[in-house]
Amino acid sequence: MGITARFNTKLIFVVFIILNFSLAQRSDYFQQRVDYTMDVSLDPKTHKLTGKQTAIYYNNSPDTLREIYYHLYLNAFKPGSSMQIRGDVIRNGLGERIRAMKPDEYGWTNVKFLKADDEDIDFEIFDTILRAKLKKPLAPGHFVKLEMEFESQIPKQTRRNGRNNREGIDYSMAQWYPKICEYDFEGWHADQYIEREFYGVWGNFDVKITLPSDYLVGATGVIQNPNEVMCGYELGPVDTVIFPQQWKKELKTQLKTWHFKAENVHDFAWVADRDYIHEITWMTLDNDTVIIHLLYQPDVYMLWRETGKFTKEIIKLYSEWFYKYPYKSFTVAQAGDGGMEYPMLIMITGYRGRTSMIGILAHEIGHNWFYGLIGNNESKEAWIDEGGASFVTPRVFRKLLGEKWRNDSSLFDRLLRPEFDIFGGYKNYIRFSQFGYEEPTLLHSDFFRESVAYTNAVYGKGASVFEMLEYVVGDSVFDLIMKEFFKEWSFKHPTTKDFERVAERVSGMELDWFFDQWLKTTRKCDYGIESFSGKWISENGLRKYSIKVKLRNHGQIVMPIDFYIYFEDGTYQKVIIPLDLQLKPKKEANAIILPHWFWVNPVYEFELSFDKKVKMV
């Protein structure tokens, strides 16, 4: 009669969770809004960008605002910045790379003037934050027109954005424009740009980008002047591949202006390169057409042959699982320094095998739901978006490749890059936690003592929390929770507590004990079988095989238990032991549900009888 030694690993694997948010919506909930109009020009000879920006900022809060804050992200990429200093302290390599920059490789933004409702206002810049004093306080329910002119130098690509990345992409334009900081129920979130995570105001973008005509541009939003810029944008929903020598035949002027609009998003990014291939494909979701743009260089052409197909399949899956993709276009661009998500656009490096490509697409496209639609504060609660995107990645693998397939990723990728963890994050979470790289998941993203601890907490453990929530509430209920969460909180700013309230309402369970333990502590889950015995007995004149089981909680986390009893004939019986704190057990067909395990008691014992002999538990 075999005895399973421990099932702490089993628990971590079978338990799932995802994000956090409040009942349908908090009664005091509000969110600000901003509509940007930008007209910018880029000079590739000097890598200087000049621009004009008008932002209509709506104060939907109950507070009167006397100041406005902006992010100036590009200021992080020069010696003496907070990013450089913090990089040296935690030894993540960023500090060293920034200190090695030459002055013409720095990043910076110069704001020439700032006006509020046509009046000049004073401002000061400290590192990557601009603080402006409003002459007229902005009352609740009112808006202000903010105008500025700015000049920026695009840095040598160091982290996410910049010029001339390691694969030769000319411009990866992320975190590039003066961006108004978010103001919510906690006040202003004017965090310095240290390296990690973002939080943006929902709104609309109307952006014109002028640069030499021998560049091809991709961006957040939908192109507004396709017949002027050409390069394949004028073709609409087709399946085609346009090589550089083809689109460059259409060059008629020295400069070209690209006009994009994006509605109801919280950021805007773009890419530009002289050698992009423009591959176009399309798909329908219900009755809506989505055009897919793939931008990559000729040397990765063969590696990207299935990228369009995978992109469409993944968007379809997420639309079925969570919420229909709501925009008219999506762009996958070879750019950046690995993988990074922006509304309607992702940047990924191009040299990838098939498994690596599926993994990065699943993760970064997943972010257009876990970040793109759910605009949580990534700096404070990164587990929602990074854990969510890591959680869905193995599901995509199983859907596209089946249960049996070979991971052709490198050992380094499988160990350290979340999108390659086909098991949903829990293996890396356990591994790195055992090495001491663990801090509470709800720690501010910039405060983790090292990058590995951050990655472990928000990617690995974040994905595991999603899985563990699924374990607690059951598969079908979990699916309903996810759909309801996206239905209620898309295009908003949910918190962990908001997600918890949705999960409680849909499941009918009490779940604060679950979220508090897994997200606010580093306690371990470790349940084991202390004793097991079985024998044939006579019960009411019938021959029965009776078992006695004693379980013990060796750890500090308390959880409900799924217990399996295996018979000699090869069948098994599932037993559910609910936790008293959840108030209501999950339902599962053919499972035996035992009385609650009271969390204060480290020991739980039970007896069961069967018509056949038990082989092991």
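What you are looking at is a predicted structure, and each value in this text was computed from that prediction instead of being measured.

J.: How should I be thinking about the overall build of the chain in this particular structure?
T.: Tallying secondary structure elements over the chain gives 14 helices and 31 strands in all. Relative to the globule expectation of 25 Å for 617 residues, the C-alpha radius of gyration of the chain, 27 Å, shows essentially globular dimensions. Taken along the three principal axes of its C-alpha coordinates, the chain extends 95 × 55 × 50 Å. Expressed as a percentage of its 617 residues, the buried residues of the chain come to 58%. Put simply, of all contacts in the chain between residues at least 6 apart along the chain, 74% involve residues at least 24 apart. Here the chain has roughly 24700 Å² of accessible surface; of this, 49% comes from carbon and sulfur atoms. If you average the places of the 77 positive and of the 84 negative side-chain charges in the chain, the two averages end up 4 Å apart.

J.: Explain the nonpolar core to me, please; I cannot follow it from the model alone.
T.: It is characteristic of soluble globular proteins that their nonpolar side chains tend to be buried jointly. One finds W270 and M559 to be the most contacted residues of the largest nonpolar core, which totals 172 residues. In terms of residues, this core owes the most to one element, helix α11 (residues 451-473), which gives eight residues. Core analysis: the next-biggest nonpolar cluster, separate from the first, contains seven residues, A382, A453, A457 and V458 among them.

J.: I'm lost on the packing of α11 against helix α12 (residues 475-489) in this one. Help?
T.: As a packed pair, α11 and α12 sit with axes 7 Å apart at the nearest point and diverge in direction by 125°. In terms of orientation, α11 lies oblique with respect to α12. Handedness of the α11/α12 crossing: right-handed. The residues of α12 that touch α11, namely those facing F466, L469, E470 and V473, are D475, V477, F478, D479, I481 and M482. Here the residues of the contact of α11 with α12 are counted per class, giving seven nonpolar, no polar and three charged.

J.: Quick question: what am I supposed to make of the pattern of salt bridges here?
T.: Side chains carrying opposite charge are able to pair once their charged atoms draw close together. Across all of its chains, the model carries 36 salt bridges by this definition. The partner of D275 in a salt bridge is K248, with the nearest N and O atoms 4.0 Å apart. With D275 in the loop between β19 (270-273) and β20 (277-285) and K248 in the loop between α5 (244-247) and β18 (255-265), this residue pair connects regions lying 27 residues apart in the sequence. You can call K248 partly exposed: its relative accessible area is 29%. K524 serves as the salt-bridge partner of E438, at 3.0 Å between the closest nitrogen and oxygen. Taken together, the residues E438 in the loop between α10 (426-434) and α11 and K524 in the loop between α14 (512-520) and β25 (527-539) connect sequence positions 86 residues apart. Of the residues examined, E438 reaches a relative accessible area of 10% and is grouped as buried. Judged by relative accessible area, K524 falls into the partly exposed class, the value being 38%. Linked by salt bridges that have partners in common, D562, K574, K586 and E588 make up one network.

J.: Got a minute to help me understand the sheet that holds strand β21 (residues 288-296) in this structure?
T.: The strands making up a sheet associate through backbone hydrogen bonding, with each pair oriented either parallel or antiparallel. As summarised here, the arrangement of the six strands in space is β17-β20-β21-β22-β24-β23, forming an open sheet in which the pairing is mixed. Only two strands of the sheet have a single neighbouring strand rather than two, namely β17 (240-242) and β23 (339-342). For this sheet, the mean angle separating the axes of adjacent strands, direction not counted, is 15°. Two elements, β17 and β20, share three bridges in a ladder whose sense is antiparallel.

J.: Would you mind showing me how to read helix α13 (residues 496-507) here?
T.: Because the α-helix completes a turn every 3.6 residues, residues three or four places apart line up on one side. Taking 1.5 Å as the rise per residue, α13 with 12 residues should run 16 Å; its terminal C-alpha atoms sit 16 Å apart, in good agreement. On its buried side, α13 packs onto α8 (382-401), α11, α12 and α14. Just beyond α13, the residue with positive phi is G508, at close to 75°.

J.: Sorry, what's going on with the sheet that holds strand β15 (residues 216-219) here?
T.: Taken together, four strands build an open sheet; the order of strands is β9-β10-β19-β15 and the sheet is antiparallel. Both outer strands of the open sheet, β9 (162-163) and β15, are each paired with one neighbouring strand and no more. Bridge count for β9 against strand β10 (residues 171-173) is two bridges, and the pairing is antiparallel. Along β10, the bridge assignment pairs G162 with S172.

J.: When you look at α8 in this model, what are you seeing that I'm missing?
T.: The terminal C-alpha atoms of α8, which comprises 20 residues, lie 29 Å apart, in line with the 28 Å expected from a rise of 1.5 Å per residue. With 17 of its 20 residues buried, α8 lies for the most part within the structure. Positive backbone phi, approximately 80°, marks G402, located one or two places after α8.

J.: Looking at this model, I keep getting lost on a nonpolar patch on the surface. Mind explaining?
T.: A cluster of nonpolar side chains, contributed by F435, Y437 and V452, occupies part of the molecular surface with about 270 Å² of accessible area. Structurally, the position occupied by V452 is in helix α11.

J.: Explain the pairing of β20 here, please?
T.: Across a regular strand the side chains alternate sides, sitting on one face of the sheet and then on the other. Among the nine residues of β20, seven are classified as buried, and the element is accordingly described as predominantly covered. Where β20 meets β21, nine bridges bridge the pair, whose relative direction is antiparallel. From the neighbouring strand, L285 faces β21, where its bridge partner is D288.

J.: Hey, could you run me through the side chain of N377 in this one?
T.: Tracing the chain through its elements places N377 in the loop between α7 (354-366) and α8. Judged by its relative accessible area of 8%, N377 is buried. Polar contacts involving the side chain of N377 include one to the main-chain amide nitrogen of S379, which spans 3.1 Å. Every residue in contact with N377, bar those within four places of it in the chain, is listed here: H189, F198, Y199 and A382.

J.: Hey, could you run me through unusual backbone geometry in this one?
T.: With the exception of glycine, the majority of residues adopt a negative phi angle, and the majority of peptide bonds are in the trans configuration. Despite not being glycine, D127 shows a phi value in the positive range, around 60°. Position of D127 among the secondary structure elements: in the loop between β6 (123-126) and β7 (129-138). One non-glycine residue, N264, lies in positive phi territory at about 60°. Checked against the element boundaries, N264 lands in strand β18.

J.: Honestly, the packing of α12 against α13 in this entry has me stumped. Any pointers?
T.: It is at 9 Å that the axes of α12 and α13 come closest, and there the two elements cross at 130°. One finds that α12 runs oblique with respect to α13. The interaxial crossing formed by α12 with α13 has right-handed handedness. Across from V477, L480, I481, M482, E484, F485, E488 and W489 in α12, the residues of α13 making contact are D498, F499, V502, A503, R505, V506 and S507. Looking at side-chain class alone, the contact of α12 with α13 contains 10 nonpolar, one polar and four charged residues.

Cut-offs applied
- Starting afresh in each chain, residues are numbered from 1 along the sequence in its written order.
- Residues qualify for local features only when their pLDDT is at least 70, as the model is predicted, and side-chain atom pairs are given and counted only at 80 or more; totals for whole chains, interfaces and linings, by contrast, use all residues.
- The side-chain figures draw on all heavy atoms in the structure; neither hydrogens nor water molecules are used.
- Counting from the N terminus, the helices are DSSP H or I runs at least four residues long and the strands are E runs at least two residues long.
- A radius of gyration in this sense is built from C-alpha atoms; the matching globule rule multiplies 2.2 Å by the number of residues raised to 0.38.
- Each residue's exposure class comes from its accessible area (1.4 Å probe, protein chains only) as a fraction of the maximum for that residue type: buried when under 20%, exposed when over 50%, partly exposed otherwise.
- Residue contacts follow a heavy-atom distance rule, with two residues in contact if any of their heavy atoms lie within 4.5 Å.
- Residue burial considers only the protein chains on display, and all accessible areas are found by Shrake-Rupley using a 1.4 Å probe.
- By the counting scheme adopted, Arg and Lys are positive, Glu and Asp are negative, and His together with the chain ends is not counted.
- A charged residue contributes its charge at one atom only: NZ of Lys, CZ of Arg, CG of Asp or CD of Glu.
- What we call a nonpolar core is a set of buried Ala, Val, Leu, Ile, Met, Phe, Trp, Tyr and Cys residues that are connected through their side-chain atoms within 4.5 Å.
- To define axes, lines are fitted to C-alpha atoms, for helices over the stretch in contact only, and angles between the resulting N-to-C directions are given on a 0 to 180 degree scale.
- When describing relative orientation, an angle under 35 degrees is termed roughly parallel and one over 145 degrees roughly antiparallel, while 65 to 115 degrees is termed roughly perpendicular and anything else oblique.
- By convention the crossing between two helices is left-handed if the near helix lies anticlockwise of the far one by an angle smaller than a right angle, and right-handed if it lies clockwise.
- Classes in brief: Ala, Val, Leu, Ile, Met, Phe, Trp, Tyr, Cys and Pro nonpolar; Asp, Glu, Lys and Arg charged; the others, Gly included, polar.
- What makes a salt bridge here is a side-chain nitrogen of Lys or Arg within 4 Å of a carboxyl oxygen of Asp or Glu, nothing more.
- Here, any two strands with at least 2 DSSP bridges between them count as paired.
- Multiplying one less than the number of residues by 1.5 Å gives the expected span of a helix.
- Patch definition: residues with relative accessible area over 30% and no salt bridge; like charges joined within 9 Å; nonpolar side chains (Val, Leu, Ile, Met, Phe, Trp, Tyr) joined within 5 Å.
- Residues adjacent in sequence count toward polar contacts only when both atoms are side-chain atoms; beyond that, a polar contact is any pair of N or O atoms within 3.5 Å, and within protein one must be able to donate a hydrogen and the other to accept it.

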